[in-house]
Amino acid sequence: MMTFSNLPPVLATALAERGYEKPTEVQAAVLAPEAAGRDLVVSAQTGSGKTVAFGISLAAQLLERFNQATELPLVLVIAPTRELALQVSRELGWLYAGTGARIATCVGGMDASKERRALRNGAHIVVGTPGRLRDHLERGPLDLSQLHTAVLDEADEMLDMGFREDLEEILDATPAGRRTLLFSATMPQQIVTLAKRYQQDALRIATAGDKRGHGDIAFQAVTVSPAEIEAATINLLRFHEAETAILFCATRDSVRRLHATLQERGFGVVALSGEHSQSERNQAMQALRDRRARVCVATDVASRGIDLPSVSLVIHVEIPRDAETLQHRSGRTGRAGKKGTAVLIVPFPRRKRVESMLRGAKIDAQWIDAPTPESIRTQDRERLIEALLEPAEFDDEDRALAQRLMKERSAEDIAAALVRAHRAAMPQPEEMIENTPEARQAAQKERHRPGFEDTVWFKMDIGRSQNADPRWILPLLCRRGHITRNEVGAIRIGGNETHFQVPRAISERFTESILRTANGDSEEDGVNIEPSEAPRESARVHRTAGAKPAKPHHRGKKPNSGGFGGGVGGGGGGYKGKKPGGGGYKGNKGPRPSGPVKTSGGATIKPKGNKD
Ligand code: AMP
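Residues numbered from 1 in each chain as written. Predicted model: local features only at pLDDT ≥ 70, side-chain atom pairs only at ≥ 80, totals over all residues. Heavy atoms only, no water.

Going through the model one piece at a time under the given rule, you end up with five aromatic pairs. Arranged with centres 5.6 Å apart and planes meeting at 80°, the rings of Tyr 20 and Trp 94 form a pair that is edge-to-face. Of this pair, Tyr 20 sits in the loop between helix H1 (9-17) and helix H2 (25-31) while Trp 94 is found in helix H4 (residues 82-95), placing the two residues 74 residues apart along the sequence. Ring geometry for Phe 458 and Phe 500: centres 5.8 Å apart, planes at 15°, overall stacked. Of this pair, Phe 458 sits in strand S15 (residues 455-460) while Phe 500 is found in strand S17 (residues 498-503), placing the two residues 42 residues apart along the sequence. With a relative accessible area of 2%, Phe 458 lands in the buried category. Chaining the aromatic ring pairs together yields one cluster made of Phe 458, Phe 500 and Phe 510. When the ring centre of Trp 367 is taken as reference, the NZ or CZ atom of Arg 351 above it lies at 3.9 Å. (Phe/Tyr/Trp six-rings, centres within 6.5 Å; stacked < 30°, edge-to-face > 60°. Helix = DSSP H or I, 4+ residues; strand = E, 2+ residues; numbered from the N terminus. Buried < 20%, exposed > 50% of the residue type's maximum accessible area, 1.4 Å probe, protein only. Lys NZ or Arg CZ within 6 Å of the ring centre and 35° of its normal.)

Bringing the sheet that holds strand S13 (residues 340-347) into the picture now. The strand order S10-S11-S9-S12-S13-S8-S14 describes an open sheet built from seven strands, whose pairing is parallel. Of all strands in the sheet, those with a lone pairing partner are strand S10 (269-272) and strand S14 (366-368), marking the two edges. Averaged over all neighbouring strand pairs, the angle between strand axes comes to 20°, with direction disregarded. Relative to S13, strand S12 (residues 311-316) runs parallel, the two sharing four bridges. Pairing of His 316 across the sheet is with Leu 344, part of S13. (Pairing = 2+ DSSP bridges. Axes fitted to C-alpha atoms, helices over the stretch in contact; angles between N-to-C directions.)

By size, the foremost hydrophobic cluster in this structure holds 42 residues, and its most contacted members are Ile 56, Leu 92 and Tyr 96. With nine residues, helix H3 (residues 50-66) is the single largest residue contributor to this core. Beyond its immediate sequence surroundings of up to four residues, Leu 92 is in contact with Thr 51, Phe 54, Gly 55, Val 77, Ala 97, Ile 103, Ile 125 and Val 127. Counting 30 residues, the second largest nonpolar core, distinct from the first, contains Val 311, Leu 326, Val 346 and Leu 358. (Core = buried A, V, L, I, M, F, W, Y, C linked by side-chain atoms within 4.5 Å. Contact = heavy atoms within 4.5 Å.)

Under the definition given, this model contains 31 salt bridges. In this structure, Asp 153 and Lys 50 form a salt bridge, with 3.0 Å as the shortest nitrogen-oxygen distance. Here Lys 50 lies in helix H3 and Asp 153 lies in the loop between strand S5 (149-152) and helix H7 (155-160), a separation of 103 residues in the sequence. Across the pair Glu 83 and Arg 281 runs a salt bridge, and its minimum N-O distance is 2.8 Å. Of the two residues, Glu 83 sits in helix H4 while Arg 281 sits in helix H12 (residues 278-289), which places them 198 residues apart along the sequence. The burial state of Glu 83 is the same as that of Arg 281; both residues are buried. Residues joined in a network through salt bridges with shared partners are Arg 238, Glu 241, Arg 294, Asp 380 and Arg 383. (Salt bridge = Lys/Arg side-chain N within 4 Å of Asp/Glu carboxyl O.)

The structure is reproduced here in structure tokens:
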């Protein structure tokens with residue numbers, strides 16, 4: 001068995017103190033004699049121990065030059081994000097603690113003048129993000145003339161994020177004879193090009209660990225109709241109730257939509273994508289760390305470098321583009337020796353593609369149906385019992401309140417109230433179409449709703465800013481237009497207006513009624529309704545002509561925000577939003593609306609060119 005014993009003793013001691021007894025695969029590979037002193041191209045992912053790997057790979061040369069007492073940086077580590085850079089800095093911090101090496105961290109979003117001071121005071125190892133490093137280089141505090149090793153961490157991500165020029169400028173400022181270690185989760189052509197340009201006689205290291213995850217990650221695939229992706233996501237979240245879950249989407253648009261939907265449903269959720277600033281990223285990460293948020297919706301690129309041991313569930317909401325991405329995303333879970341679950345949500349038409357991807361990755365996934373509300377409720381019951389029976393210490397104030405309650409109510413009633421309070425905090429599961437050919441066919445038929453082949457668009461001057469919601473818009477339309485719920489087709493809610501469809505056959509009658517009821521006393525009568533063009537595509541779809549409106553169902557408690565394949569509808573729960581204009585539309589108050597506001601079919605995701 002390989003050990004760390006042939007390392008310089010200070011490092012071997014640091015590792016031993018940390019409890020790291022034997023090298024991980026990638027560490028063993030960089031410690032092998034043929035890797036000593038050479039340029040390396042290493043495919044390794046977060047979690048493989050790669051940071052310690054380049055840390056120990058640097059050691060011999062660093063410690064040697066260290067004694068020459070130069071004050072200029074000897075080692076430069078470039079990482080794509082602030083989190084990753086800070087993480088690297090922390091790891092090198094304990095690894096080199098006994099050596100007296102000074103580490104400076106230069107990352108976007110931090111106090112640049114402090115960093116300049118640290119650099120001027122002399123740092124042996126500099127860790128930073130490309131933009132900030134380039135900045136320090138151009139202004140002068142970062143002098144790379146004595147550098148002996150440059151490390152590019154998550155190089156593929158840095159290129160994906162558009163840092164190529166920064167990297168080139170930084171590398172061009174280093175001595176020609178430097179050593180270059182290139183770490184990358186994937187090896188696309190542009191990495192190969194970068195390696196060719198900046199490395200000499202590089203040793204390629206690809207460990208079997210790249211395919212890690214078989215042991216500690218259980219893979220599952222859930223087939224759904226394209227319209228049910230969001231519903232399946234919600235049910236998977238509710239079924240697993242993971243300590244932390246990461247949800248992957250293909251584009252930043254999809255991230256934004258899914259984040260909005262989950263937030264509306266009452267999940268503690270954050271989003272990570274290219275559209276977020278560094279400080280938003282920081283806040284999101286902090287929320288996940290201290291458990292204010294338990295769900296993170298992310299793009300592939302934005303999620304790199306996240307290392308949260310608490311992630312026990314990964315959901316591929318939109319299927320990964322290739323096997324490597326599948327591995328990489330899934331690798332966010334099953335860390336630190338814990339078990340993880342990675343679930344692919346597979347729309348029926350993509351099943352073949354996913355099967356071949358899984359085969360290519362040699363992953364044996366279990367094909368299952370999405371969790372049903374019943375199975376979720378069963379899980380909830382067990383979890384509730386466990387949570388409520390957990391040993392607890394009560395103080396006098398708690399006991400005094402308990403005694404007062406006991407005087408008023410039976411123990412059973414109090415316990416039931418407690419259960420209900422807990423239950424109320426949990427987002428509602430979604431009804432799913434049963435995964436049988438018959439049920440699917442029936443659902444398909446629903447989408448072609450009779451009577452809505454020929455419709456007319458109308459609009460009203462109330463939108464999201466006025467808290468427009470199908471739950472009170474529908475009753476309003478029925479009252480004002482003397483129609484029934486079944487006679488309203490698609491509803492699209494925009495910022496300040498809402499569009500909806502009415503079958504052409506009744507549109508004239510509808511218009512007349514609207515005009516007649518426009519002068520009533522009720523506040524609703526002041527809402528302006530008129531024929532209109534079709535709405536812009538960007539408006540949120542709250543219901544489509546395809547939705548079958550008559551059957552009650554239980555689709556969560558808040559309205560849909562559009563999204564995946566028409567997404568899931570609101571309905572079921574009471575509308576709790578604020579009332580528009582301080583006044584109040586009648587439909588907005590009171591008990592649960594009896595009518596559903598289901599959506600299905602309709603909107604589809606249009607992936608944009610940008611993948612982050
Ligand atoms: P990384 O791939 O650099 O993100 O590292 C993943 C985690 O594994 C970090 O928390 C490291 O501290 C830890 N780690 C690194 N090397 C070892 C080792 N040889 N044994 C156990 N854990 C390690």
